[in-house]
Amino acid sequence: MNAVSAIERPVDSRTDIGRLRGFVTAFADLLAATRDEGAILESGRALLGRLIAKDDWLPEEFTRPHPDRYQQYLLHCDSRERFSVVSFVWGPGQSTPIHDHTVWGLVGVLRGVEKVERFRQSPDGRLIPHGEQYLREGEVDAVSPRIGDIHRVTNGLADRPSISIHVYGANIGAVERATYAPDGTPKTFISGYANGVIPNLWDRSRNA
């Protein structure tokens, strides 16, 4: 039997990938119509809410947790890197460090529950807790340097994975960002992605 490489293996044959394709197209249209962050977050929140209202479109390859750490899978990056769409998968008990984004972002929970702990920086750089929230299936949150950009996210479920869909105003896997120690000391990082494959959004031969 011939082995099939990861890049050749189809990743969308059992899902309604057309739902993701429609979202990507609509979001590109939104960014072509406005550069106003408030308008992008307001209209984008509605678009993302419609995407995550149904759970029949995310290919299984992008739902797999890792035993030791959360996974960040690229679903789509705009050709001009105006935005990216990412699947975050959290195993039970997994959490991010405290981190920022440096660009606007939208987060919608597709499966499970996420605990979000927000922070703000004092003038001397210390981190001050700024509230927490539990996001449940179908709910959408927003981040940006303008409205609040530093948080820590934890799977809110102790017995199974949670999955959220994120949209960022850049190719987020290539953006230099920072994690923060509790005293506010930053450490720069570039996240990259966990993918071995990416979804094929544009093949309509299966009428997806």
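Overview of the structure. Keep in mind that this is a model prediction, so the values were computed, not measured.

**Digging into the nonpolar core**
(1) Moving on: In terms of nonpolar packing, the biggest core is built from 32 residues, with Leu20, Phe23, Phe27, Leu48, Phe83 and Ile165 touching the most fellow members.
(2) Moving on: Of all the secondary structure elements, the ones that give two or more residues to this core are helix 1 (17–33), helix 2 (37–52), strand 1 (71–77), strand 2 (84–90), strand 3 (105–111), strand 6 (140–143) and strand 8 (162–168).
(3) Moving on: It is helix 1 that contributes the most residues to this core, eight residues altogether.
(4) Moving on: Ignoring anything within four residues of it in the chain, the contact list for phenylalanine 27 reads Ile40, Gly44, Leu47, Phe83, Trp104, Leu106 and Val167.
(5) Moving on: Counting residues in each nonpolar core, the second largest holds twelve residues, with Leu135, Val153, Ala170 and Ile172 among its members.

**Details of the environment of glutamate 117**
(1) Moving on: Along the polypeptide, glutamate 117 turns up in strand 4 (residues 113–121).
(2) Moving on: Every residue in contact with glutamate 117, bar those within four places of it in the chain, is listed here: Gly131, Glu132, Ile150, His151, Arg152 and Thr154.

**Brief notes about the environment of glycine 125**
(1) Moving on: By the element assignment, glycine 125 lies in the loop between strand 4 and strand 5 (127–136).
(2) Moving on: Expressed as a C-alpha distance, the spacing of glycine 125 and proline 186, which sit 61 residues apart in the sequence, is 9.3 Å.

**Points about the packing of helix 1 against helix 2**
(1) Moving on: Relative to each other, helix 1 and helix 2 sit at 170 degrees, their axes nearing to 10 Å. Taken together, the axis directions place helix 1 and helix 2 in an arrangement best described as roughly antiparallel. Seen from helix 1, the contacting residues are Arg19, Leu20, Phe23, Ala26, Phe27, Leu30 and Leu31; seen from helix 2, they are Ile40, Ser43, Gly44, Leu47, Leu48 and Leu51.
(2) Moving on: Its residues assigned to classes, the contact of helix 1 with helix 2 comprises ten nonpolar, two polar and one charged.

What counts, and at which threshold
- Every residue gets a number counted from 1 within its own chain, in the order that chain's sequence is written.
- Local features in a predicted model are, by the rule used here, given only for residues with pLDDT of at least 70; side-chain atom pairs are given and counted only at 80 or more, and totals for whole chains, interfaces and linings are based on all residues.
- Only hydrogens and water are set aside; all other atoms, that is, all heavy atoms of the structure, feed into the side-chain values.
- Residues belong to one nonpolar core when they are buried, are Ala, Val, Leu, Ile, Met, Phe, Trp, Tyr or Cys, and are joined through side-chain atoms within 4.5 Å.
- Each residue gets one of three labels from its accessible area relative to the maximum for its type: buried under 20%, exposed over 50%, partly exposed in between, using a 1.4 Å probe on protein chains only.
- Segments assigned H or I by DSSP are reported as helices when at least four residues long, segments assigned E as strands when at least two residues long, and all are numbered from the N terminus.
- We call two residues in contact when some of their heavy atoms are within 4.5 Å.
- Every axis corresponds to a line fitted to the C-alpha atoms, with the helix fit spanning only the stretch in contact, and the corresponding angles, defined between N-to-C directions, vary from 0 to 180 degrees.
- Between 65 and 115 degrees an angle is taken as roughly perpendicular, under 35 as roughly parallel, over 145 as roughly antiparallel, and anywhere else as oblique.
- Three classes are used: nonpolar for Ala, Val, Leu, Ile, Met, Phe, Trp, Tyr, Cys and Pro, charged for Asp, Glu, Lys and Arg, and polar for all others, with Gly counted as polar.

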